[in-house]
2 protein chains.
Amino acid sequence: MFFKPFMLLCVFAALRFTAAAQTWIWYPGDYEIWLSNQMQNRRTERGTFYPVFWKADSHYPLVDFHREFNLAQPETVAICAEGRYNVKLDGKAFPGTPQAIEVPAGKHKINIKVFNQATPPAVFVKGITIRSDSSWQVTFEDKEWIDETGKASDLSATIFKHAGNWNFNDPAAMPSAYRLPVAPVAATSAEKTAGGLLVDFGKETFGFVKLHGVKGKGTVSLYYGESREEALDTAASETFDRITIDQLNASDTINPHSKALRYVNIVADGNVQLDHASLLYEYAPLEDKGSFRCSDGAINKIYDVARYTLHLSTREFFIDGIKRDRWIWSGDAYQSYLMNYYLMNDNETVKRTIYALRGKDPVTSHINTIMDYTFYWFMGVYDYYLYSGDKDFLVQNYDRMKTLMDFVWNRRNKNGLLEGLPGDWVFIDWASGLSKKGEISFEQLLFARGLETMALCADLADRKQDAAQYKAAAAALKQKLFSIYWSNEAKALVHSRVNGQPTENVTRYANMFAIFFGYFSEEQKKEVKASVLLNKNVPEITTPYMRFYELEALCALGEQNYVLQEMKNYWGGMLKLGATSFWEEYDPSKKGAAHYAMYGRKYGKSLCHAWGASPLYLLGKYYLGVKPTAPGYAQYEVKPVLGGLKWMEGKVPTPAGNIELYCSEKEIKITSPAGTGKLIIASKIKPVCKEGEVVSKGNNVYELTMEKNKEYRILYKAI
Amino acid sequence: MFFKPFMLLCVFAALRFTAAAQTWIWYPGDYEIWLSNQMQNRRTERGTFYPVFWKADSHYPLVDFHREFNLAQPETVAICAEGRYNVKLDGKAFPGTPQAIEVPAGKHKINIKVFNQATPPAVFVKGITIRSDSSWQVTFEDKEWIDETGKASDLSATIFKHAGNWNFNDPAAMPSAYRLPVAPVAATSAEKTAGGLLVDFGKETFGFVKLHGVKGKGTVSLYYGESREEALDTAASETFDRITIDQLNASDTINPHSKALRYVNIVADGNVQLDHASLLYEYAPLEDKGSFRCSDGAINKIYDVARYTLHLSTREFFIDGIKRDRWIWSGDAYQSYLMNYYLMNDNETVKRTIYALRGKDPVTSHINTIMDYTFYWFMGVYDYYLYSGDKDFLVQNYDRMKTLMDFVWNRRNKNGLLEGLPGDWVFIDWASGLSKKGEISFEQLLFARGLETMALCADLADRKQDAAQYKAAAAALKQKLFSIYWSNEAKALVHSRVNGQPTENVTRYANMFAIFFGYFSEEQKKEVKASVLLNKNVPEITTPYMRFYELEALCALGEQNYVLQEMKNYWGGMLKLGATSFWEEYDPSKKGAAHYAMYGRKYGKSLCHAWGASPLYLLGKYYLGVKPTAPGYAQYEVKPVLGGLKWMEGKVPTPAGNIELYCSEKEIKITSPAGTGKLIIASKIKPVCKEGEVVSKGNNVYELTMEKNKEYRILYKAI
């Protein structure tokens, strides 16, 4: 309504601004939730609007921003806002809606209060010292009532948060106007078909199709295909757009909707003619910080396609895949976070995605309605802290973590376990015949991990009592789940308990998670490796989603050689079928276009799915072997494992910069800009290093403590 | 963003519609909350935006609407929506965004899912049998996930509500476009003053000032005054608007903001000239159903001014007053509901106001931040049910009633009582020196009434367990509060307990409420009447707000003669000072323009405040003596009390129509279209009635049971 005029004001105001130490700010999570609504409601299925089926939340339409400043000199402060606003200095309002105020020297409190129903209230403030940034405090209820004498309340007990922000450092770059950038891309080939023009962009991509030299009157239909088959099958392609054309003279037309495609089949009716088509490639402008190269060309190719897959699936948020949902799914996003830490290491996309997934109170369902996805969300918050060291985000989110865990806690059955209640989607994985009945071991395992995570976070948020309660609850649940599900006959956790009886069914899920959660004894780990992970009689996993964890578990057990072969077979298998990005599901036993089917639809499967990119994570964490052991890489571990490669080299991002590593069968070279690292080397002979002291830890394991910004060269012979 | 195109579609679609048995529908409460945000954020103070200080909630941006129908014949169904939408028949989506669908004969389920961030998702559906109305079901989370075969979930446990609606029965009348109607009004006089032109509209009014024959270049300032003093005091008037003029030829200009005023002082700078000014009076188009006339002209005048006061303060919602806040305050609104039942009896404004006050979960503060106002909200819900018989509204709101009571329950201190915690505004009344410290008897009394109300509502919502718990909690609290606060020395409930010690301070609040709540014994009532209500040593009440309850308590004690004099003194006192609407506060001891001051500001007081209109309620309920004793007037009581009047006559609205009553010292005439009534007559001799049987109840009280739609004439002699 009234926010448009302010947009103009801000553009004018921009002329007066210079440097960019200030940024647009908002209520933390609000812009993120709003932006996710915009993105997630762009989905169409064959032209029909296809929104999410869970609750969509909104920003607070009325927000107060404030901060105290101490000015040595008086200063002029320029103000922009998205919404209707007022400005107060030391509790006294300025007349009207000032675009600039004069603030005298001394200690002052500035408040800006903004109403905006349609888009998130946001402000941009720039003086010399008074500038908007994340140190400002915000609330959706200031409770500043006055009594009959006009005296303001001083008992408001208002909860303030630190302002949210991103990178909108220009007053003209209004947060609500944000769009991903685009770049023009030419087609690699085009062929006339019976019905139209089939344009090939040579690989999976995403963007706005541009039609060149269009004229005539009629409709142009754009049938998108991740495969050639899909684009040509106009009756079954998952997505299409139609453009109405009515122009005498040839000109270019850009389709207003961005879509996933490799192929577009352009079918015109009426007398419409066109010259050719190109694409405005739409992308999130994130640079790679991490890298990986090795002696095996097939692995390098897998890494590159995984990299491209993750980039395509990283948009305003980490989404599932680019063709179909383009929604934010917690289980998918959790894997993207982990891959991101080894590639782009972009904190902002992680935080945005976490905010958007959580939404707001009250909690009315599991995240995405899925029980397992709720627990990945908790784990994602803590992991983010571990990789980034950003404690403030965790602390600001603690209350929403707690209310979500309250929701879970109140859904326990009489045995204190979780089973699917009406409204709970027990997902686990796409796998036919997978039982979701009764008390499933996998869900209890995630629940225990969720409680452990809450204990860690409560401690960090200085909620000591909560921390103690969560810790005790997690320990009790772990004990209970082992007493119920561990089978000495099967040498494994069984899948579920139904009507009080543990089933005999063994699946991989709980077993592989228990390995990298560190829940098994050494004895159990060995048993499970043989009885489950390397046992072909236990149903195989056919999604890259769960292969992520399966291979992680194997890596955690030191099976890098085996995993390398699995990667080459599984991801290499997709490449052999012509994949230019990795898929939502891959079953090597299928043939031809049958690979494209899913959900009972011929082209239902997504051929560019974030969870297909897990080699990024596996290669960084379990081959280069780099991981933080204290928040933000204040401490970290490097445990390189060649796993059959002759050499490998790569970079792993940390908040301080990249850890750089080269490793061959004889030599390791490493530098790191981060805290204190431990290089752990398995070697038959004692490694030699001039730059540091190599200490034996027994069993052919050696350790070198690394200082930052120093290059180490170690000569060794791997076992 | 994208809702504008749909607006156009709907206008076109309108051409095909005829009759109006269908209406725009939305998620119940969502439009109401959205509209309240629009209204409440119109407040300005001397040109500065002045928003509320509590949490503003939003509509759900994504809503699914559905209903099942059984069609004898196939039919065409036209669809309009505010937002982006899809339409499904029996779970299968139609392509695109259909404006009309064909539905075959038979049993079908139709779903429409709408996304709209800026304004509430709403739909308007019209076929022959398929039509949108409040029987449709809505949800903000349909949880319709599908499995890997494409099968939809059938375990969603989704909570559906009945759709909300009002009177938008035309597809072109989009809910978000709603504006109150206006009517042109001429000024009664205008005078040139030193600074400008002072225009008088003769009485308090509200609307958009229209300037006629404006030309020149400069700024026109409109200084509004509820009093002449305020309009002329350009440095201190509470409200003003400024209009920029730049036109060579004279034309008319309408100020875009509607304001309260009797006077407007028009001050132009530059070379701006204007001819004269008028007003577009903005009003809620509600007709009076109730009425009151009597032998006392002063009372008739008070009734008329009260009527006008309530009409002015009844806008999109029941607001406090028209000049300043124009906000929805629960304590003020509660009184408007009660007055409304005796005047306009408009259910829609009551429901809208209740929805808007409650907002959404989570509850983060008391309603309007005020402890007492939370309890009026509960009472308002039950009263609405009692007067209207609308059980569905109560049942649909039960969950929000419960979460609000949970909030209250969790704020009890170790004694199980409420005292102001940080963030709680203990208001009670505007009265200087009124203590808000410790455990205040008035708040415990309201808390007990709130729990009793919850017990009644839980029972109606079929939550029997809740009902039993609330009933027990209310009884325990009542017992506790009498044991703490009742003083045998003071013969009254004392004001508070501080540090475990009851104070000796006696105030009117708890004592007068305990009377009409029926909490006192007959003995206590008599004691309190003398020791508190008629005791001039107990601090007097200076707001019409609390005078409402004080006079109600006295009426409940049979003191109508005394109350009639009080009305004439107090409300008559305002009229003698020239009031054309009743005030927020009136202290007869003040002089001249001092009456206009409040909150430390010269013109801070509102001179048209809803709570000033209580004679509407008192005269209807305690003189005409009409009140429901079962929901929706299925049963009711008429107990006329002349209170010193020679005769009175009036109408009291019920859902079935008006009860009409004439009563003189000798005769009563009454007809009623509603259920079963009891006419209760105090008379020295046995009344005579040909149309019914008069039964003696002892103590000179007689009772006549009335059938509906029958005229009764009773001859009697009042005591």
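Within an unreviewed UniProt entry, the label attached to chain A reads Alpha-rhamnosidase, and the organism entered is Niabella ginsenosidivorans.

A. Spatial organisation of the overall build of chain A. For chain A, the helix and strand inventory stands at 15 helices and 34 strands. The C-alpha atoms of chain A give a radius of gyration of 28 Å, which matches the 27 Å a tight globule of 719 residues would have. Within chain A, contacts between residues separated by at least 24 positions form 73% of all contacts whose residues are at least 6 apart in sequence. Within chain A, the 81 negative side-chain charges are centred at a point lying 2 Å from the centre of the 85 positive side-chain charges.

B. Examining the packing of aromatic side chains more closely. All names here are of chain A. By the definition in use, this model includes 141 aromatic pairs over all chains. Here the aromatic rings of Tyr545 and Tyr549 are separated by 6.3 Å at their centres, their planes lie at 75 degrees, and the arrangement is edge-to-face. In this pair, Tyr545 and Tyr549 are both assigned in helix α13 (residues 544-556), four residues apart and thus about one turn of the helix distant. Like Tyr545, the residue Tyr549 is buried in the burial classification.

C. Quick look at the interface of chain A and chain B. The interface is formed by 63 residues belonging to chain A together with 63 residues belonging to chain B. Buried surface at the junction of chain A and chain B, summed over both partners, amounts to about 5,400 Å²; 60% is from carbon and sulfur atoms. The three residues of chain A that bury the most area against chain B are Phe49(A), Trp145(A) and Glu148(A), which together make up 13% of that side's buried surface. Counting across the interface, chain A meets chain B through zero salt bridges. At the junction of chain A with chain B, the criterion picks out 22 residue pairs in polar contact (both at pLDDT 80 or more). Those elements giving two or more residues to the side of chain A that touches chain B turn out to be α2 (30-40), β3 (48-49), β6 (84-89) and β9 (106-115) of chain A. Each residue belonging to the side of chain A that touches chain B can be placed in one class, and the counts come to 29 nonpolar, 20 polar and 14 charged.

D. Highlighting α2(A). Among the 11 residues of α2(A), 11 are classified as buried, and the element is accordingly described as predominantly covered. For α2(A), the complete set of buried residues consists of Asp30(A), Tyr31(A), Glu32(A), Ile33(A), Trp34(A), Leu35(A), Ser36(A), Asn37(A), Gln38(A), Met39(A) and Gln40(A).

E. View of the pattern of salt bridges. All names here are of chain B. Per the counting criterion, the structure on display carries 84 salt bridges over all chains. Salt-bridge contacts for Arg307 lead to Asp288; the nearest nitrogen and oxygen are separated by 2.3 Å. Of this pair, Arg307 sits in helix α4 (residues 297-313) while Asp288 sits in the loop between β19 (276-282) and β20 (291-294), and the two are 19 residues apart along the sequence. Given a relative accessible area of 27%, Asp288 falls into the partly exposed group. Between Asp296 and Lys568 there is a salt bridge, with its nearest N and O atoms 2.3 Å apart. In this pair, Asp296 is assigned in the loop between β20 and α4 and Lys568 in helix α14 (residues 560-576), connecting sequence segments 272 residues apart. The exposure class of Asp296 is buried, given its relative accessible area of 14%. The partly exposed category is assigned to Lys568, whose relative accessible area is 24%. Salt bridges here are not isolated pairs; linked through shared partners, they connect Arg43, Glu45, Glu238, Arg324, Asp325, Glu584 and Arg601.

F. Region of the structure containing the sheet that holds strand β33 (residues 701-706) of chain A. Residue and element names in this part refer to chain A. Overall, mixed pairing links the five strands, which are arranged β25-β26-β30-β33-β32 in an open sheet. This sheet does not close on itself; its edge strands, each paired only once, are β25 (626-628) and β32 (694-698). Adjacent strand axes in the sheet meet at a mean angle of 25 degrees, parallel and antiparallel pairs treated alike. Across four bridges, the pairing between strand β26 (residues 635-638) and strand β30 (residues 676-682) is parallel.

G. Here's a closer look at the relation of the copies chain A and chain B. Once turned by 180 degrees and shifted 0.0 Å along the axis, chain A lies on chain B with an RMSD of 0.1 Å. Within this description, the copies of the chain are treated as partners about a two-fold rotation axis. The rotation axis passes nearest to the C-alpha of Ala118(A) in chain A, at a distance of 2.0 Å.

H. Representation of the sheet that holds strand β4 (residues 62-71) of chain B in the model. Residues and elements named next belong to chain B. Pairing within the open sheet is antiparallel, and its six strands lie in the order β7-β6-β9-β4-β11-β12. Each end of this open sheet is capped by a strand with a single partner; those strands are β7 (92-93) and β12 (161-162). Pairing of strand β6 (residues 84-89) with β7 involves two bridges; the strand directions are antiparallel. Residue Lys88 lies in a different strand from β7, and its bridge partner there is Ala93.

I. Molecular detail of the side chain of Ser581(A). All names here are of chain A. Structurally, the position occupied by Ser581 is in the loop between α14 (560-576) and α15 (615-623). By relative accessible area, Ser581 is classed as buried at 1%. Looking at Ser581, its side chain comes within polar contact range of the main-chain oxygen of Leu607, at 2.7 Å. Ignoring any residue separated from it by four or fewer positions in sequence, one finds Ser581 in contact with Glu204, Val305, Thr309, Leu607 and Cys608.

J. Here's a closer look at the environment of Trp611(A). All names here are of chain A. Checked against the element boundaries, Trp611 lands in the loop between α14 and α15. Once the C-alpha coordinates of Trp611 and Arg547 are considered, the two residues, 64 residues apart in sequence, prove to be 9.3 Å apart. For Trp611, the residues in contact, after removing those within four places along its chain, are Asp332, Gln335, Met339, Tyr373, Trp430, Pro544, Tyr545, Trp583 and Glu584. Reaching out from Trp611, the side chain makes a polar contact with the backbone oxygen of Glu584 at a distance of 2.7 Å.

K. Geometry of the packing of helix α5 (residues 330-342) of chain B against helix α13 (residues 544-556) of chain B. Residue and element names in this part refer to chain B. One way to put it is that α5 packs onto α13 with a least axis distance of 11 Å and a crossing angle of 50 degrees. The pairing of α5 with α13 is recorded here as oblique in orientation. Of the two elements, α5 crosses α13, and the hand of that crossing is left-handed. Facing Gly331, Asp332, Tyr334, Gln335, Leu338 and Met339 of α5, the residues of α13 in contact are Tyr545, Phe548 and Tyr549. Grouping the constituent residues of the contact of α5 with α13 by class yields six nonpolar, two polar and one charged.

Rules behind the numbers
- Residue positions are given per chain, counted from 1 along the sequence in the order it is written.
- By the order in which they are written, chains take letters starting at A while ligands take numbers starting at 1.
- Local features in this predicted model are restricted to residues of pLDDT 70 or higher, and side-chain atom pairs are both shown and tallied only at a pLDDT of 80 or more, whereas totals for entire chains, interfaces and linings draw on every residue.
- Side-chain measures here rest on the full set of heavy atoms in the structure, leaving out hydrogens and waters.
- Strands here mean DSSP runs of E at least two residues long; helices mean DSSP runs of H or I at least four residues long; both are numbered from the N terminus.
- It is over C-alpha atoms that the radius of gyration is taken, and the globule rule equals 2.2 Å times the number of residues to the power 0.38.
- Throughout, a residue-residue contact means that at least one pair of heavy atoms, one from each residue, lies within 4.5 Å.
- We count Lys and Arg on the positive side and Asp and Glu on the negative side, and we leave His and both chain ends out.
- Every charge is mapped onto a representative atom, which is NZ of Lys, CZ of Arg, CG of Asp or CD of Glu.
- Two aromatic rings from Phe, Tyr or Trp, using only the six-membered ring of Trp, form a pair when their centres are within 6.5 Å; if the ring planes differ by under 30 degrees the pair is stacked, by over 60 it is edge-to-face, and anything between is tilted.
- Relative accessibility thresholds used throughout: buried, under 20% of the residue-type maximum; exposed, over 50%; partly exposed, between the two (1.4 Å probe, protein chains only).
- The term buried area means the drop in 1.4 Å probe accessible area that two parts suffer when joined, counted for both and summed.
- One side-chain nitrogen of Lys or Arg within 4 Å of one carboxyl oxygen of Asp or Glu is enough to make a salt bridge.
- Identification of polar contacts relies on pairs of N or O atoms within 3.5 Å, with a donor-acceptor requirement for protein atoms, meaning one able to donate a hydrogen and the other able to accept it, and with residues adjacent in sequence counted only if both atoms are side-chain atoms.
- Each residue receives one of three labels: charged for Asp, Glu, Lys and Arg, nonpolar for Ala, Val, Leu, Ile, Met, Phe, Trp, Tyr, Cys and Pro, and polar for the others, Gly being one of them.
- Only strands that DSSP links by at least two bridges are regarded as paired with each other.
- Angles run from 0 to 180 degrees between N-to-C directions of axes, and those axes are lines fitted to C-alpha atoms, restricted for helices to the stretch in contact.
- Copy-to-copy alignment: least squares on C-alpha atoms, limited to residues at pLDDT 70 or above in both.
- Oblique is the label for any angle not covered by the other classes, which are roughly parallel (under 35 degrees), roughly antiparallel (over 145) and roughly perpendicular (65 to 115).
- Two helices cross in a left-handed way if the nearer one is turned anticlockwise from the farther one by less than a right angle. They cross in a right-handed way if the turn is clockwise.

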